[in-house]
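# Structural features, examined
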Amino acid sequence: MRFGPVDLADADGAILAHTVRLSSRVLKKGTRLDGEARAALEADGIGQVVAAVLDDGDVTEDEAAARLAATIAGDRVRVDPAFTGRANLFSEVAGVLQIDADQVNRLNRVDPSVTLATLHPFDAVEAGRMLATVKIIPFAVGAEVMARAEAAVSSGPPVVRVAPFRPMRVGVVSTLLPGLKPSVVDKTLRILRERLAPAQAPIVAEERVPHEAPALADALRRLVDEAGAELLIVFGASAVVDRQDVIPAAIEAAGGKVDHFGMPVDPGNLLLVGALDGRPVIGAPGCARSPKENGFDWVLHRTLAGLTVTRDDIVALGVGGLLMEIVSRPQPRSEPTAEREAAKRPVAAVVLAAGRSSRMGSPKMLATLEGIPLVRRVAEAAQASRADRVVVVTGNAGEEVAATLDGLDVARVHNRDFADGLSTSLKAGLAALPDEIEAAIVLLGDMPMIEPAMIDRLIDAFDPETGALIVVPTHDGRRGNPVLWSRRFFPELMAVTGDKGGREVLEGYPDAIVEVELGQAAALDVDTPETLAEIGGEPAQSGTETAR
């Protein structure tokens, strides 16, 4: 192929390199120039164009892309018609993508003009998902390059193929210890069903037994012998920490074998794979209780697609695998010790009382209910609770609001930037907490129905060792305020900007949230004169204006 300026007299059959706008029509890039196109160019006084002129044996970009894509596509892979030198490959089914990486690399080394890009090997894909794309960069490739490219992807199995998910019958055993709540097991099963849904794999039997090898072994045998389970999954009340621990010991006691324990991904290190009567057994790591992607997903997907997961497969996941911090897992410096278990976890209450009160028309923190300013009612509830420290953030009408707190054992922090939104008050309140505080309950100063016992219920639900790092109150299933936050989230909360609180941060950590039903108190905040009147309150005395 020759590329460059071409006289129209020599341009018959050449491929236009750039779009040309003429008075009568538009000739797009890639147009094959024929007599009619050349006449249109001549009519506009154009005697030369930049084009590609093909040599004998050259293969056009679309033909080359289509031929290579057809060679590459394997089982359950669809190839769309090539266009502008590109041919895309799509999955016809839900399953696990299989890629022959060696052939991909060989093809991409043939010549810079020929490229193949794919998803990651063993990605779980749905029907219709694009898996790979062949792109021919110039307008054509020479016959010799084309021959080498086709040879590069013809010597092994199809380069791109999909192993379809199978509706395997799944049996699940959860082992139990006194500290494991039934609700945790229920949630784990719900999340597992969601993971199994793409494969339409049903849970045919589920058992809950003590965290003891004999009881677990008996349960595994029942799942195989009585329920006919084709895949066994074990969720341990305590993580497997040794090759001789309860779960591996139970698999062997039931007549099975353990193929591999441990996984070079994070989260998912403590995963175990084995077999019982030819059926795969997965000892799930603790992170499998979370819906977030982890190493358990990678092994489960392959298993549901009928692919054997070997020790070599697991070891190979260390490069380019998962590596992330699990928010629900204690940091190394925070691992539980006897001293920490015996110690009380210090929790602070942060009362946000700096708002502009633009909807109220007067400072709402100074409005009263039963003669008591709203902000003082909230501060008194916080002080009477088991919170170790109470911080009140003031802003609008700051001196007047602070004066209503006289006599209370609370710290007062003035937010000069209150007009910039709620986030500035949240930042000021969290910044005022001492380092020993492990969590903060963020209260709104205009929620007068909050009581000390309600705050204590939120504190009781805070349990880092079980992953309960954010405690959210609800009213009839709807989330409200106040919200308790582990210190782990303080940096993200302090990075929020504008007139927002922690909702965006909350949405990012569904597995760290525990909900507590508090009733109407969690939903009632006093933003308008109408709401204030409905609860029998009185607006702030005239003479105190809302800051603008």
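Below is a summary of the structure that appears in this document.

Definitions and limits used
Residues numbered from 1 in each chain as written. Predicted model: local features only at pLDDT ≥ 70, side-chain atom pairs only at ≥ 80, totals over all residues. Heavy atoms only, no water. Core = buried A, V, L, I, M, F, W, Y, C linked by side-chain atoms within 4.5 Å. Buried < 20%, exposed > 50% of the residue type's maximum accessible area, 1.4 Å probe, protein only. Helix = DSSP H or I, 4+ residues; strand = E, 2+ residues; numbered from the N terminus. Contact = heavy atoms within 4.5 Å. Patch = residues over 30% accessible without salt bridge, like charges linked within 9 Å, V, L, I, M, F, W, Y side chains within 5 Å. Areas by Shrake-Rupley, 256 points an atom, 1.4 Å probe, with all protein chains shown as cover. Salt bridge = Lys/Arg side-chain N within 4 Å of Asp/Glu carboxyl O. Pairing = 2+ DSSP bridges.

### Quick look at the nonpolar core
Val-392, Leu-433, Ile-470, Trp-485 and Phe-489 are the most contacted members of the largest nonpolar core, which has 67 residues in total. Sort the elements by how many residues they give to this core and strand β21 (residues 347-353) lands first, with seven residues. The contact partners of Val-392, leaving out residues within four places of it in the chain, are Val-351, Ala-353, Val-375, Ala-379, Leu-405, Val-410, Ala-411, Arg-412 and Val-413. In terms of nonpolar packing, the next biggest core, distinct from the first, is built from 33 residues, Val-170, Leu-189, Leu-304 and Ile-314 among them.

### Section: the environment of Gly-142
Positionally, Gly-142 belongs in the loop between β13 (140-141) and α4 (143-152). Gly-142 gets classed as partly exposed once you look at its relative accessible area, which sits at 26%. In the structure, Gly-142 is positioned 78 residues away from Ala-64 in sequence and 9.8 Å away in space, judged by C-alpha atoms. In contact with Gly-142, not counting residues within four places along its chain, are Gly-57 and Asp-58.

### A word on a nonpolar patch on the surface
Together, Met-1, Phe-3 and Val-50 line one region of the surface with nonpolar side chains, adding up to about 250 Å² of accessible area. You can see Met-1 is positioned in the segment before β1 (2-7).

### Digging into the sheet that holds strand β14 (residues 160-164)
As summarised here, the arrangement of the three strands in space is β11-β9-β14, forming an open sheet in which the pairing is antiparallel. A strand with exactly one partner marks an edge of an open sheet, and here the two such strands are β11 (124-125) and β14. Two elements, strand β9 (residues 95-99) and β11, share two bridges in a ladder whose sense is antiparallel. Its bridge partner lying in β11, Gly-95 is registered against Val-125.

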